[in-house]
Amino acid sequence: LTQENHSAQRLNELLVRTALVGDLLGREDTSKAAMDELATTIGSGSESFDTSTLRLFEKHQRLAPLEKVIGERLLKLSSSGDGYSNINETNNLLHQLAWLYDAANRPQDVIRLLDEAPLWIGKDVADLRNAYGVHLPMDVIAAKAFAATGKRELALKIIKDAIIKN
C-alpha cells in the first residue's frame, strides 16, 4: 500500500469504529457524522469491506456509496485485464455486490449479476457455495433472489443442494 492509501484506509477504519461506537452508545449524532464522512471517503483507500462495515452501511441505509465503490473497482479490474489474474479479489467484489443488492431488496439485480458477470469463479451457483463467504453464502443470496422473482422451484433446488452438500 502506498502511504496515501494506508492513511485513507486507516481513516475509514476509524470512521467505521466511530459510527459503531455511536450506535452502541445511542449517539445518533456521532453515528450520523461518521457515516456522512465515511460516505465521502470510502473509495479513497484500498480497504476491503468486512461484514461489520457492510452491515453498518445497511443499518444506516447508505448502500449507494458502497455500490459505487465496488462497481468502480470491478470496472477497473475488468478494463485493465486484471480481472482474471485477480480472480479472488474479483469474486469477493462480485459477492459483496450481490450481498449489497440482497440487502437493498434488489433481487433482479442479484440475478442479473449472476447471469451477466463474466468473472465468477464457478459456472453454477453451487460452485459459489463457500467462496468468499464473509457475508451470506452466494447460494442463499441467489435462492432468495429467485424466490422473490417467482422462481420458487429453482430457489428450493438451490437450497436443497446446499443442505445435501453440507
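Residues numbered from 1 in each chain as written. Predicted model: local features only at pLDDT ≥ 70, side-chain atom pairs only at ≥ 80, totals over all residues. Heavy atoms only, no water.

Caption draft 1: Focus on the overall build of the protein chain. Summing up its helical and strand segments, the protein chain has nine helices and zero strands in all. Put simply, the protein chain runs from its N terminus to its C terminus through helices and strands in the order α-α-α-α-α-α-α-α-α. Taken over 166 residues, the protein chain has a buried fraction of 40%. A fraction of 58% describes how many contacts in the protein chain between residues 6 or more apart in sequence connect residues 24 or more apart. (Helix = DSSP H or I, 4+ residues; strand = E, 2+ residues; numbered from the N terminus. Buried < 20%, exposed > 50% of the residue type's maximum accessible area, 1.4 Å probe, protein only. Contact = heavy atoms within 4.5 Å.)

Caption draft 2: View of unusual backbone geometry. Of note in this structure, Gln61 is not a glycine but carries a positive phi near 50°. Relative to the assigned elements, Gln61 resides in the loop between α3 (51-59) and α4 (63-79). Relative accessible area serves as the criterion here: at 72%, Gln61 is assigned to the exposed category. At Asn105, a position not held by glycine, the phi torsion is positive, near 55°. With respect to the helices, strands and loops of the structure, Asn105 is situated in the loop between α6 (87-103) and α7 (107-116).

Caption draft 3: Structural view of a nonpolar patch on the surface. Judged by side-chain polarity, Val21, Leu24 and Leu25 come together as a nonpolar surface patch covering roughly 350 Å² of accessible area. Within the secondary structure, Val21 sits in helix α1 (residues 3-25). A relative accessible area of 44% places Val21 in the partly exposed class. (Patch = residues over 30% accessible without salt bridge, like charges linked within 9 Å, V, L, I, M, F, W, Y side chains within 5 Å. Areas by Shrake-Rupley, 256 points an atom, 1.4 Å probe, with all protein chains shown as cover. Salt bridge = Lys/Arg side-chain N within 4 Å of Asp/Glu carboxyl O.)

Caption draft 4: Just the pattern of salt bridges, in detail. Tallying each qualifying case throughout the model produces 12 salt bridges. Residue Arg27 pairs with Asp29 through a salt bridge whose shortest N-O separation is 3.1 Å. We note a salt bridge from Asp109 to Arg112, for which the minimum N-O separation is 3.2 Å. Here Asp109 pairs with Arg112, and both are found in helix α7, just three residues apart, close to one helical turn.

By themselves these figures say nothing about function.
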